[in-house]
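Topology and contacts: notes
Each chain is listed here by its residues.
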Amino acid sequence: MDKNATRYNVQLYIYDLSRGMARSLSPIMLGKQLDGIWHTAIVAYGDEFFFGGEGISSCSPGGTMLGPPDTVVELGETEVSEEIFMDYLSSLGESTYRGDQYRLFEHNCNTFTNEVAQFLTGRPIPAYITDLPSEVLSTPFGQMLRPILDSIHIAPSGGNVINGGRNT
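Residues numbered from 1 in each chain as written. Predicted model: local features only at pLDDT ≥ 70, side-chain atom pairs only at ≥ 80, totals over all residues. Heavy atoms only, no water.

The full count for this structure, using the stated rule, is 11 aromatic pairs. On the numbers, 4.9 Å between centres and 85 degrees between planes, the contact of F51 with Y97 is edge-to-face. You can see F51 sitting in strand 3 (residues 47-52) and its partner Y97 sitting in the loop between helix 2 (82-94) and helix 3 (109-121), a full 46 residues away along the chain. By the burial criterion, F51 is buried, and Y97 matches it. A network of ring pairs unites the aromatic residues Y8, Y45, F49, F85, Y88 and F119 as a single cluster. (Phe/Tyr/Trp six-rings, centres within 6.5 Å; stacked < 30°, edge-to-face > 60°. Helix = DSSP H or I, 4+ residues; strand = E, 2+ residues; numbered from the N terminus. Buried < 20%, exposed > 50% of the residue type's maximum accessible area, 1.4 Å probe, protein only.)

What follows is about unusual backbone geometry. The phi torsion at R19 lies on the positive side, around 50 degrees, for a residue other than glycine. On the secondary structure map, R19 appears in the loop between strand 1 (8-16) and helix 1 (21-29). Its identity is not glycine, yet Y45 carries a phi of approximately 55 degrees, on the positive side. When you line up the elements, Y45 lands in the loop between strand 2 (38-44) and strand 3.

In this section: a nonpolar patch on the surface. Judged by side-chain polarity, M21, L25, I28 and M29 come together as a nonpolar surface patch covering roughly 400 Å² of accessible area. Structurally, L25 is set in helix 1. Its relative accessible area of 35% is what places L25 among the partly exposed residues. (Patch = residues over 30% accessible without salt bridge, like charges linked within 9 Å, V, L, I, M, F, W, Y side chains within 5 Å. Areas by Shrake-Rupley, 256 points an atom, 1.4 Å probe, with all protein chains shown as cover. Salt bridge = Lys/Arg side-chain N within 4 Å of Asp/Glu carboxyl O.)

All chains considered together, the criterion is met by 4 salt bridges. In this structure, the salt-bridge partner of E77 is R7, at a minimum N-O distance of 3.8 Å. Of this pair, E77 sits in strand 5 (residues 71-78) while R7 is found in the segment before strand 1, placing the two residues 70 residues apart along the sequence. Under the relative-accessibility criterion, R7 is labelled partly exposed at 44%. Among the salt bridges present, the one from E79 reaches R7, with a minimum N-O distance of 3.4 Å.

Moving on to the environment of R103. Mapped onto the secondary structure, R103 falls in the loop between helix 2 and helix 3. Judged by relative accessible area, which is 39%, R103 ranks as partly exposed. There is a polar contact of 3.0 Å between the side chain of R103 and the backbone oxygen of D100. (Polar contact = N/O pair within 3.5 Å; in protein donor to acceptor, adjacent residues only side chain to side chain.)

Within the element layout of this structure, F49 appears in strand 3. In this structure F49 comes out as buried when scored by relative accessible area, which is 1%. Sequence separation between F49 and C59 is 10 residues, and the spatial gap between their C-alpha atoms is 6.8 Å.

The residue N110 is located in helix 3 in this model. In this structure, N110 is in contact with W38, H39, T40, I125, I129 and T130, ignoring residues within four places of it in sequence. (Contact = heavy atoms within 4.5 Å.)

Next comes the structure, spelled out in structure tokens:
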């Protein structure tokens, strides 16, 4: 890497969609402790980027209806320029991360942030986030709820869709 290259900070914003309810109810409903139902976003170049049922969106950091994140994880720095990053997101939004590709358990905001984090920093997001769907589905209650949960498309309002709306 060029020592004189511009570096950009990359953060992971973590939101608990359950607002603490998962911690209380998961032992009763699933028979195991879940600390949260995680929504994540990447913050870089002064914006927050996330994937949901509308495709890839961006907003000012903390600018969705979810408000400020519950946790911020410093993922590191990147030398990828903002122009290259936006081209990358545009490409993802036209293919892999169109809104109609969203699947709550298999292809969600956390899948997106994990891929983008690796593109920018070479490092994945924490495993406790990416492992959550398999933890839920490993329980009888999770299997019972799967058909209902599969129909859910999470798209926090307040963002601007970059590309790849629901192309059904």
